Amino acid sequence: MDKNSDVLCQPDKSKSCGACCGLYNYVNSSRSSLTERLRARTKRFHEIVKNKNDIKNYVSETIAGEDWKKRYEVIYCCEYLGFLDSAERKVGCLLHPAQNSGLDLRDVSFYGQKLCAGHLCPSHHFIPKSQSQILIKIIDDWYLYGLCITDIDLVKTYFRLLANHIGEEVKPEVFDNEALKKIACQYFDWKITWPFRSPDANRLGKYYFDGSQYMISYIDYEGYGRDVSKFNTIFLSLSSVFKNAKEIEEAESLILSNIDNFIHTYERVF
Ligand code: SF4
Ligand code: SF4
């Protein structure tokens, strides 16, 4: 949540992440809905909050003005997440000192100043730096960036598959090549556009909440009379729901053709 050099939260001027502030935890977490929500908050915050005493007015108007239905009840949706810039390219904390002439107002928040300032999500530990650098390089969209940078399986599995074929880790500078960048972007765009993502799937990844605990969703391959797909991890990250074995094959072909396309282009260029 805090912003200093080597963290993934606010990597550059063209995007940022707000996932751990509950950004995607609204039942309606579509891009248009979140954009409207963050836009209204940002406007309201700048209009109302002239000093710390005004924050309670901002909160009561925000609570009254929004739909607070959540995907996962246990994840807090923070009312202070908004846009940090007028171009609405960066999501982030409206209470952060950078937004308030140096004044850190985060002590009024649900998590408190210390947690907000110190939190680093698991992606910081589990996604290798070269891979997060690639994401930062190729994605310039807050909505997609936050979804991808927090999906460790989606990121690591892709780069492992590519490395297995190429024989070495793919380096960030490889993505200076526009064709390779485009192919990788197609893969990460699937986080939003994946044709096998059920609109009913009340989740944005492999976890769902059954009312009392997180469960990892699964795909009933046996029921479809087939083995577990080698792309199972990716399918779960993309919240896939298949109607039959044919759809699973189609989904496998999509991933396979993306990887083949990457490898062939890579071999041609390098
Ligand atoms: S989810 Fe991770 S990358 Fe995103 S803002 Fe939180 S700590 Fe930063
Ligand atoms: S107060 Fe904390 S949880 Fe809320 S937006 Fe700011 S950093 Fe995120």
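For the structure, check the block above.
As the structure is a prediction and not an experimental result, all values here were calculated from the model.

A. Seen up close, the environment of Ser-198. Secondary-structure assignment places Ser-198 in the loop between α8 (178–193) and β3 (207–209). Given a relative accessible area of 14%, Ser-198 falls into the buried group. The spatial distance from the C-alpha of Ser-198 to the C-alpha of Ser-239 is 7.2 Å, given a sequence separation of 41 residues. Ignoring anything within four residues of it in the chain, the contact list for Ser-198 reads Ser-239 and Val-241.

B. Seen up close, the site of ligand 2. For ligand 2, the set of nearby residues contains 10 residues, the closest of which are Cys-21, Cys-78, Cys-93, Ser-109 and Cys-116. Of the residues assigned to the shell around ligand 2, the class counts are 9 nonpolar, 1 polar and no charged.

C. Inspection of the site of ligand 1 at higher detail. Close to ligand 1 lie 10 residues, the nearest being Cys-9, Cys-17, Cys-20, Cys-121 and Thr-150. For the shell around ligand 1, the per-class residue count stands at 7 nonpolar, 3 polar and no charged.

D. Just the nonpolar core, in detail. Tyr-158, Phe-159, Phe-175, Phe-188, Phe-235 and Phe-262 are the most contacted members of the largest nonpolar core, which has 45 residues in total. Those elements that provide at least two residues to this core are α5 (129–138), α6 (142–149), α7 (152–166), α8, α9 (232–237) and α10 (245–269). The contact partners of Phe-188, leaving out residues within four places of it in the chain, are Leu-135, Ile-138, Ile-139, Leu-144, Cys-148, Leu-154, Val-155, Tyr-158 and Phe-159. Membership of the second largest hydrophobic core comes to 25 residues, among which are Phe-45, Val-49, Tyr-58 and Leu-94.

E. Focus on the packing of aromatic side chains. Scanning the model with the defined rule gives 24 aromatic pairs in all. The interplanar angle of 80 degrees and the centroid separation of 5.2 Å between the aromatic rings of Phe-45 and Tyr-58 together place this pair among those described as edge-to-face. Here Phe-45, found in helix α1 (residues 31–48), pairs with Tyr-58, found in helix α2 (residues 55–65); they are 13 residues apart in sequence, far enough to count as distant. The same class applies to Phe-45 as to Tyr-58, namely buried.

F. Expanded view of the pattern of salt bridges. In this structure the tally under the stated criterion is 16 salt bridges. Where Glu-66 meets Arg-37, a salt bridge forms, and the shortest distance between an N and an O atom there is 2.7 Å. With Glu-66 in the loop between α2 and β1 (81–83) and Arg-37 in helix α1, this pair connects stretches of sequence that are 29 residues apart. Classification of Glu-66 as buried rests on a relative accessible area of 13%. Glu-88 is the salt-bridge partner of Arg-39, the closest N and O atoms lying 2.8 Å from each other. Residue Arg-39 is found in helix α1, and its partner Glu-88 is found in the loop between β1 and β2 (91–93); the two are separated by 49 residues along the sequence. Salt bridges sharing common partners tie together Asp-12, Lys-15 and Asp-140.

Conventions we followed
Residues numbered from 1 in each chain as written. Chains lettered and ligands numbered in written order. Predicted model: local features only at pLDDT ≥ 70, side-chain atom pairs only at ≥ 80, totals over all residues. Heavy atoms only, no water. Helix = DSSP H or I, 4+ residues; strand = E, 2+ residues; numbered from the N terminus. Buried < 20%, exposed > 50% of the residue type's maximum accessible area, 1.4 Å probe, protein only. Contact = heavy atoms within 4.5 Å. Near = heavy atom within 4 Å. Nonpolar A, V, L, I, M, F, W, Y, C, P; charged D, E, K, R; others polar. Core = buried A, V, L, I, M, F, W, Y, C linked by side-chain atoms within 4.5 Å. Phe/Tyr/Trp six-rings, centres within 6.5 Å; stacked < 30°, edge-to-face > 60°. Salt bridge = Lys/Arg side-chain N within 4 Å of Asp/Glu carboxyl O.

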